[in-house]
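# Structural overview for review
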Protein chains: 2
Amino acid sequence: MNLIHLSLITLLHFLLGKNLSDLSTNGNSKNILWHECPIQKLDRQKLLQQKGCVIWITGLSGSGKSTIACALSRSLHSRGKLTYILDGDNIRHGLNRDLGFKAEDRSENIRRIGEVAKLLADAGIICITSLISPYQKDRDACRALLPKGDFIEVFLDVPLAVCEARDPKGLYKLARAGMIKGFTGIDDPYEPPCSSEIVLKQQQQKGSDCMSPNNAAEKVISYLEKNGYLRA
Amino acid sequence: MNLIHLSLITLLHFLLGKNLSDLSTNGNSKNILWHECPIQKLDRQKLLQQKGCVIWITGLSGSGKSTIACALSRSLHSRGKLTYILDGDNIRHGLNRDLGFKAEDRSENIRRIGEVAKLLADAGIICITSLISPYQKDRDACRALLPKGDFIEVFLDVPLAVCEARDPKGLYKLARAGMIKGFTGIDDPYEPPCSSEIVLKQQQQKGSDCMSPNNAAEKVISYLEKNGYLRA
């Protein structure tokens, strides 16, 4: 908060006879009132018979984030629950089309998705995000936006070798060929989360207890059920 | 779309044996696939028994946008419909906290709110936006994001003198005193929409057929009902 600016505005309002209790400054924004509306999150949750929250799926490219997000959305929908998927790639076609892949753009990409996820959760929706989100600090910043408990981190703990063998978009090949720079897992780090609410592990060996997308979805749904998110 | 870039990527994928049919470039973003999910807007609409859309409320500061947005949200909620309000001021506390009030920031503010409104409508929600949005081109750009019919512009046609007499935030006083520059209606233009779906007029004389927020809300709800937005 820009205190000098706020003090100036406060003084001006005082001189002009206005009460400033609701006025604040935020970042570059000034003269902004916060409007409260009688229909709140609790009302929407009652209507939907669920609690708005964010299921934040993080993992390497090719770890299965989108697949699990879809399985989860399908399974929750079949139980009458309203979900919405924010897919990192899809959002880059719209809201984040002005952003590239340099460090500050990646960070801004995640910040905006975190803010939109917060709005969707506030709307009462079970919002599922699907993006690599390789850095702890970016994930933590998004977590901090949500009320305690409402940010549910799901770490797809799949070894790089497995993701690279799958390579569903052919991006690892391009990265190994040096055609993509700063690719997570190849020449940019992935910081594994240390305190995710849910960890979905996948073994490197084919045919071992490889978790199906539906099994993964059920594991997340059990968590939601146990923690009261599937009722108002 | 950056065709040269796309051609290079296509060639690379061809050489590396990957099918590129789903790959596109958008703005600064590359190597981005579009992920389709089996649960679509139609499914969510069926669940909610309504159609997702955007009610875009535009008008001068003090014209009553937030008040009407709240009345509309309350009335729709009482009919069991899920709404969410995107208030220009509130969004500046979160998603748009990095934006100020210079021309390009105002434009970006509206662009992002348009993109988020689109996501909320896609989620099946009746999204109500409440922001001055003074320029036709910005409003039209947001309209263009939505499927035909789903962007419902509501113009609060309230004379400047009425808004300035109300001055609920004391901002006109500051603008007249020269303490706020580029204030819509004072030293920055408001371009009245010429083809809004709904126009809510307010007379300058006190006590004349002044439209109450609830009457205004009912007018919008009639439009929604008539156009099938309150059923799946």
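An account of the accompanying structure is given in this report. (Residues numbered from 1 in each chain as written. Chains lettered and ligands numbered in written order. Predicted model: local features only at pLDDT ≥ 70, side-chain atom pairs only at ≥ 80, totals over all residues. Heavy atoms only, no water.)

Residues and elements named next belong to chain B. Strand β3 (residues 53-58) sits mainly inside the fold: six of its six residues count as buried. Across the two faces of β3 the burial is the same, with C53, I55 and I57 and V54, W56 and T58 all buried. As defined by bridge partners, β3 adjoins strand β5 (residues 126-130) across five bridges and the pair is classed as parallel. Paired with W56 across the two strands is T129, which belongs to β5. As defined by bridge partners, β3 adjoins strand β6 (residues 151-157) across five bridges and the pair is classed as parallel. Pairing of W56 across the sheet is with E153, part of β6. (Buried < 20%, exposed > 50% of the residue type's maximum accessible area, 1.4 Å probe, protein only. Helix = DSSP H or I, 4+ residues; strand = E, 2+ residues; numbered from the N terminus. Pairing = 2+ DSSP bridges.)

Further remarks concern the packing of aromatic side chains. Residues and elements named next belong to chain B. Applying the stated rule across the entire model yields six aromatic pairs over all chains. Positioned above the aromatic ring of F101 is the side chain of R92, whose terminal nitrogen or guanidinium carbon lies 4.0 Å from the ring centre. When the ring centre of Y190 is taken as reference, the NZ or CZ atom of R139 above it lies at 5.7 Å. (Phe/Tyr/Trp six-rings, centres within 6.5 Å; stacked < 30°, edge-to-face > 60°. Lys NZ or Arg CZ within 6 Å of the ring centre and 35° of its normal.)

Let's shift gears to the packing of helix α5 (residues 103-122) of chain A against helix α6 (residues 136-145) of chain A. All names here are of chain A. Packing of α5 against α6 leaves a shortest axis separation of 9 Å and a crossing angle of 20 degrees. On the basis of the axis angle, α5 is roughly parallel to α6. Our pair here, α5 against α6, has a crossing hand that is right-handed. Taking contact as the criterion, the partners of S107, I110, G114, E115 and K118 in α5 are, on α6, K137, D138, C142 and L145. (Axes fitted to C-alpha atoms, helices over the stretch in contact; angles between N-to-C directions. Parallel < 35°, antiparallel > 145°, perpendicular 65-115°, else oblique. Left-handed = near helix turned anticlockwise from the far one by under 90°. Contact = heavy atoms within 4.5 Å.)

All names here are of chain A. This structure, assessed with the given rule, holds zero disulfides over all chains. A disulfide-free cysteine, C53 has its sulfur positioned 8.5 Å from the sulfur of C127, the nearest such atom. A relative accessible area of 0% means that C53 is categorised as buried. (Disulfide = S-S within 2.5 Å.)

Counting 44 residues, the largest nonpolar core has L86(A) and L86(B) as its most contacted members. Elements that contribute at least two residues to this core include exactly β3 (53-58), β4 (83-87) and α5 of chain A together with β3, β4 (83-87) and α5 (103-122) of chain B. Those residues in contact with L86(A) that lie beyond four places of it in its chain are I91(A), I113(A), V116(A), A117(A), L120(A), C127(A), I128(A), T129(A), S130(A) and L119(B). (Core = buried A, V, L, I, M, F, W, Y, C linked by side-chain atoms within 4.5 Å.)

Another aspect to go through is the packing of α5(A) against α5(B). Two numbers describe a pair of packed helices, the interaxial angle and the distance between the axes. Running from N to C, α5(A) and α5(B) cross one another at 50 degrees; their axes reach a closest spacing of 11 Å. The pairing of α5(A) with α5(B) is recorded here as oblique in orientation. The chirality of how α5(A) crosses α5(B) is right-handed. Across the interface between the two elements, E108(A), R111(A), R112(A), V116(A), L119(A) and L120(A) from α5(A) touch E108(B), R111(B), R112(B), V116(B), L119(B) and L120(B) from α5(B). Tallied by class, the residues present in the contact of α5(A) with α5(B) amount to six nonpolar, no polar and six charged. (Nonpolar A, V, L, I, M, F, W, Y, C, P; charged D, E, K, R; others polar.)

To continue, consider the sheet that holds β6(B). Residue and element names in this part refer to chain B. Spatially, five strands are ordered β4-β5-β3-β6-β7 in an open sheet, and the strand pairing comes out parallel. Both outer strands of the open sheet, β4 and β7 (198-201), are each paired with one neighbouring strand and no more. Each strand of the sheet is rotated relative to its neighbour by a mean of 20 degrees, with strand direction disregarded. Set on the sheet, helix α3 (residues 65-78) makes contact with β3, β4, β5, β6 and β7; between it and β5 the angle comes to about 165 degrees.

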